[in-house]
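Here's the letter readout for the chains.
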Amino acid sequence: MAQTDIDEGLYSRQLYVLGHEAMRTMGKANVLISGMKGLGVEVAKNVVLAGVGSVTIQDQGSAEWTDLSSQFYLKESDLGENRALCSEKALARLNSHVLVSACTEALNQDFLRNFQVVVLTDSSLEEQRWVGAFCHTNNIRFIVADTKGLCGQLFCDFGEAFEVRDSDGESPHSAMITHISKENPGIVSCTDEQAHEFTDGMHVTFSGVQGMTELNSCGPIEIKCIGSYSFSICDTSNFSEYEKAGVVTEVKQSKTLSFLPLDAALEEVVRDLDLLVLNDYGKVEKHQNLHFGFRALHEFKQRHSRLPKPRNQTDAELLVAMAKQFSTAANFDKFDEDVVRKLSLVAAGDLAPVNAFIGGLAAQEVMKACTGKFTPLKQWFYFDALECLPDQEDSGLLTEEACAPRSSRYDGQVAVFGADFQEKIKKQRYFLVGAGAIGCELLKNFALIGLGAGEGGHITVTDMDSIERSNLNRQFLFRSEDIGRQKSEAAAEAVKKMNPSVNITPHQNRVCPESEGIYTHQFYSGLDGVAAALDNVDARVYLDGRCVQYQRPMLEGGTLGSKGHTLVVVPHLTESYGPASSSGQKAIPLCTLKHFPHRIEHTLQWARDQFEGLFKHSAENVNQYLSDPEFWARTVARGEVEAVEVLEGVYASLNERPQDWTECVTWARIQWESLYNNHIAQLLHCFPPNHVTSSGLPFWMGAKRCPHPLTFDPANTTHMDFVVAAANLYGQIYGIEGSRDREGIQKILNWVRVPEFTPKSSVKIAVTDEELAESKEERKEEDKAKLEKLKEKLSSLHPPSQNFRMVPLEFEKDDDSNFHMDYIVAASNLRAENYDIPAADRHKSKLIAGRIIPAIATTTAAVAGLMCLELYKLVQGHRRISSFRVAYVNMAVQYYVLSQPGRAPTFTVAGKQFSLWDEFLVRGREDGREEMTVEELLKHIKDHHSLTVTGLYYGPAVLYADYCDHADRLKQRVSDLVRAVTKTELPAQQQMLEIIPSFAEDEDCEKVPPIRYLFR
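This report concerns the structure included in the present document. Since the model is a prediction, treat every value here as computed from it, not as a measurement. (Residues numbered from 1 in each chain as written. Predicted model: local features only at pLDDT ≥ 70, side-chain atom pairs only at ≥ 80, totals over all residues. Heavy atoms only, no water.)

## Side note on the pattern of salt bridges
Part 1 of the reasoning: For the structure shown, the criterion picks out 58 salt bridges.
Part 2 of the reasoning: In this structure, Glu870 and Lys873 form a salt bridge, with 2.8 Å as the shortest nitrogen-oxygen distance. Residue Glu870 and its partner Lys873 are both found in helix α29 (residues 857-876); the two are separated by three residues, about one turn of the helix.
Part 3 of the reasoning: For Glu870, a relative accessible area of 4% gives the class buried. (Salt bridge = Lys/Arg side-chain N within 4 Å of Asp/Glu carboxyl O. Helix = DSSP H or I, 4+ residues; strand = E, 2+ residues; numbered from the N terminus. Buried < 20%, exposed > 50% of the residue type's maximum accessible area, 1.4 Å probe, protein only.)

Here you go:
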């Protein structure tokens, strides 16, 4: 079922990953997914969410107990029913744009001809061979995905000549030019604002070059990098002399890949490691052995009509012998019996986290096959998480009896970890922060593995957001009828349907200092762990701090389009998430935004700032001025410069208050003239196009683009877009009804008198942020006088009615009817036109101005799967750091790096070694006695830790210092002293004080463990 147009409201976040062209191509594709056990349904779920044309699910088998361990659309009442038929309706409800159908017949060649992509899961090698050969011959993209317990396999064959249109999905790199030499080869020099990101062999085009204009009409030119700010191009010796300006932009080049058919690739991968995509670099040989292990499993199943039994040593030795035969025949001399033996012991298992990871990867390969977007898997991928198994000394507890099936929904997991582990995981108490994309995937996995599904077990999930339509593309627990509901409530309901035994409580709280009355010391003390499914660094840092403070493990994961990462934080073993590091994105200098933009990001940020200032802050300030007697004093206390800006805005908003729609249109037209003509004319008056610096160099060069004023033209769509949006938004903040009637607006514009503007020679424009700061200092006295005049002018204004309030607008990017993005796009592109910067369409503008995080369901599923594999280790109590994994993946380019986490860094105090996990925990009020005094606290530290406290610090406050006259403080209760010194009352819910000590034994140490003092 080809989709006629793209539903941008639904696919908005995915569009920023794939782009419109790839989405349209994918919307025409018909995909077959064979096998509807846990892995098959995971692939199907992700592919349906992605928005292909149609998905056909095929399975001849019936639901069994082991399927319920990972097949989230099967219920106990479905046992004995066909898996495909049971899953069809639920999959269809994920996306109304995708035709989903079920097939219960065996595969045949005529049937396969209907599809562009075929995915086999839970298939025999014999079936893989004939289907793979047929697909290769008929140019049908072919994918094999398989999981066995803790191990997974993926294979792709996209034919003899598969075109990759965009290998990585990254935006084309660009740079501003400062000079181009006239020689062979020509040398291009770029601005030193930041290093260019070009590499040898890239192709680029030129635009806006003055002087050497021949380059502007050249096709893509191959480059060779010389340094961080220069590269060589073609022969420019016969071109005109370079004068100034110009932008160089990368042109993405397509490439054609050739794939081996399955039969040939089975043998060739042993000889050619390039056919094996690596992930955990410590496991290269292990994954080569898994290739023989999976082949042996097919052989074993063909002979015995079953997989090796869980923990059955006889079956394991049989499988080892079969795999060894394959390795010997392939002349492979690094055969590892232990790897194949472990594979045999767990092969009967069916684990939701492994299926989530392999299923996410497989679905991403389907999307590549449909679109030619991103680099496909070439051609084998093996994965194992065998380090999840118990440590060697505990492995004896996993007997054949302990792992035998019990006609339970957890049989697929019991087969790997045993019945005792299942009881343990059911009793876990976890706190999930975030019920968005990763949160939904985690909750699905939690329900399937039985986390918190037993007596005493529990999951608390919190998310303060409600469900929007754009969420439905990747937050798969939600349906269209859930729009507007709280995410945590809808998600909790959905997972209860998957596993009715799950004990879960939804909250709608932000996890931050303000909610510490809910998430107290007692709350965290009752947890076994925390999972972070958050979308911003600050929230992660805060939650990480709570986990360190309360000594709780944390699972953390995040995605950005096709990229993802996971982190496991283990108390007294690994490093933590840590404080926020400086972002790779630098703040745009104010002077760049105000006067010297040279990238579309600059004009979009400027437009966003205009929106906030004109339609939000101005209204908020007026409302505070009218309702808060302290507003004036509070504003003046912020400094004269800022106070003048704020209060001038208040005066203008009240004095020039529009009375009707006509006045709103008039304001918008005059605003247009001010922003796109007058301001630019003033800038050019201060710095004419031929202006030179004191060094004799042209002022307008490098990153400074010389602007030109615009002349308003009602026939220009962008000019009118600005007026329509600005007039409507201006009307909204005053409660005046607007209009989209462009003819009516044009009639009003015919009567608008735009004031004449003459640039002033007295105006000084700062060129750098330092100059801007200096000019503010110089204006202090002038601004003081302005404030006095403003006070008079405001007091002389005729006061509005007592009930008058303006309506501040909160920027909302996803509502196309509210004029917010209309204003941003028009305002930004007009400013871009001023500076000859290429305009951005609405889609790109929304991404940048709305600070949207690109997202896609495949990455989310894979990341959540990896997080839950670490959960297995935490539940078992693994203490070897080599057992844990952090992951960095980029599914667009086959980049998968799993490595052990960093150890918690240590520091020394008085000759003793500590880490961030160490603390001095002090119970300040025990056995009903009175709270201890500062003197008693010092004695406690001395008695228990042999350290002499010389100072106590609570945040910036000095509670006690032996060099001060603090003798009287020694007799005070610790909490009373904190209240007295900070002059603030401690919140009733606060139970712990974190106090930083200093010690006589080591006065110079930079780090010390905190005193965590429980006083309630």
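## Here's the deal with the pairing of strand β5 (residues 141-148)
Part 1 of the reasoning: Most of β5 sits inside the fold, with eight of its eight residues counted as buried.
Part 2 of the reasoning: On β5, burial covers both faces: Arg141, Ile143, Ala145 and Thr147 on one face and Phe142, Val144, Asp146 and Lys148 on the other are all buried.
Part 3 of the reasoning: Pairing between strand β4 (residues 117-121) and β5: five bridges, direction parallel. Bridge pairing in β5 links Thr121 to Ala145.
Part 4 of the reasoning: For the handedness criterion, the β-α-β arrangement of β4, helix α6 (residues 125-137) and β5 is classed as right-handed.
Part 5 of the reasoning: Strand direction decides the pairing type here: β5 and strand β6 (residues 151-157), joined by seven bridges, are antiparallel. Pairing of Phe142 across the sheet is with Asp157, part of β6.
Part 6 of the reasoning: Linking β5 back to β6 in an antiparallel pair, the connection comprises two residues, with Gly149 at a positive phi of about 60°. (Pairing = 2+ DSSP bridges. Right-handed = clockwise from strand over helix to strand, strands pointing away.)

## Looking at the pairing of strand β8 (residues 174-180)
Moving residue by residue along a regular strand, the side chains alternate between the two faces of the sheet.
Part 1 of the reasoning: As paired elements, β8 and strand β14 (residues 247-251) share three bridges and run antiparallel to each other. Note that in β14 the partner of Met176 across the bridge is Val247.
Part 2 of the reasoning: With three bridges joining them, β8 and strand β9 (residues 187-190) adopt antiparallel strand pairing. Its bridge partner being in β9, Ile180 is matched across the sheet by Val188.
Part 3 of the reasoning: Remark: six residues form the turn of the hairpin made by β8 and β9, two consecutive strands paired antiparallel.

## Considerations on a negative patch on the surface
Part 1 of the reasoning: Among the surface-exposed residues, Glu770, Glu771, Glu774 and Glu778 lie close enough to one another that they form a single negatively charged patch.
Part 2 of the reasoning: Position of Glu770 relative to the elements: it lies in helix α25 (residues 769-778). (Patch = residues over 30% accessible without salt bridge, like charges linked within 9 Å, V, L, I, M, F, W, Y side chains within 5 Å. Areas by Shrake-Rupley, 256 points an atom, 1.4 Å probe, with all protein chains shown as cover. Lys, Arg positive; Asp, Glu negative; His and termini not counted. Charge placed at Lys NZ, Arg CZ, Asp CG, Glu CD.)

## Focus: the sheet that holds strand β13 (residues 230-232)
Part 1 of the reasoning: Strand order in this open sheet of seven strands is β11-β10-β14-β8-β9-β13-β12, and the pairing throughout is antiparallel. Of all strands in the sheet, those bounded by a partner on one side alone are β11 (221-222) and β12 (224-227).

## Description of the packing of helix α22 (residues 661-686) against helix α23 (residues 717-734)
Part 1 of the reasoning: For the pair α22 and α23, the least separation of the axes is 8 Å and the interaxial angle reads 130°. Compared by their axis directions, α22 and α23 come out oblique. In this structure, α22 crosses over α23, and the sense of that crossing is right-handed. Where α22 approaches α23, its residues Trp661, Cys664, Val665, Trp667, Ala668, Gln671, Trp672, Leu675 and Tyr676 are matched on the opposing element by His719, Phe722, Val723, Ala726, Ala727, Asn728, Tyr730 and Gly731.
Part 2 of the reasoning: Classifying every residue of the contact of α22 with α23 by side-chain character gives 13 nonpolar, four polar and no charged. (Axes fitted to C-alpha atoms, helices over the stretch in contact; angles between N-to-C directions. Parallel < 35°, antiparallel > 145°, perpendicular 65-115°, else oblique. Left-handed = near helix turned anticlockwise from the far one by under 90°. Contact = heavy atoms within 4.5 Å. Nonpolar A, V, L, I, M, F, W, Y, C, P; charged D, E, K, R; others polar.)

## A short note on the side chain of Arg885
Part 1 of the reasoning: Within the secondary structure, Arg885 is located in the loop between α29 and β24 (886-890).
Part 2 of the reasoning: Within the structure, Arg885 has its side chain in polar contact with the side chain of Asp280 (distance 2.6 Å).
Part 3 of the reasoning: Separated by 2.8 Å, the side chain of Arg885 and the backbone oxygen of Ser882 make a polar contact.
Part 4 of the reasoning: If near-sequence neighbours (up to four positions away) are discounted, Arg885 is found in contact with Asp280, Lys283, Glu387, Thr566, Val568, Glu870, Lys873, Leu898, Ser899, Gln900 and Pro901. (Polar contact = N/O pair within 3.5 Å; in protein donor to acceptor, adjacent residues only side chain to side chain.)

## Re the packing of helix α19 (residues 600-627) against helix α27 (residues 820-834)
Part 1 of the reasoning: In the contact formed by α19 and α27, the axes pass within 8 Å of each other and the chain directions differ by 130°. Here α19 is positioned oblique relative to α27, judged by the angle of their axes. With respect to the hand of their crossing, α19 and α27 are arranged in right-handed fashion. Contacts from Ile600, Thr603, Leu604, Trp606, Ala607, Arg608, Gln610, Phe611, Leu614 and Phe615 of α19 reach α27 at His820, Tyr823, Ile824, Ala827, Ser828, Asn829, Arg831 and Ala832.
Part 2 of the reasoning: The class makeup of the residues in the contact of α19 with α27 is eleven nonpolar, five polar and two charged.

## A word on helix α28 (residues 842-849)
Part 1 of the reasoning: Every buried residue belonging to α28 is among His843, Ser845, Lys846 and Ala849, and all of these are buried. Buried residues of α28 fall within an arc of 165° about the axis and therefore sit on the same side.
Part 2 of the reasoning: Along its buried surface, α28 packs onto α1 (8-18), α2 (20-26), α19 and α27.
Part 3 of the reasoning: Looking one or two residues past α28, Arg851 carries a phi angle of roughly 50°, positive in sign. (Arc of directions from axis to C-beta.)

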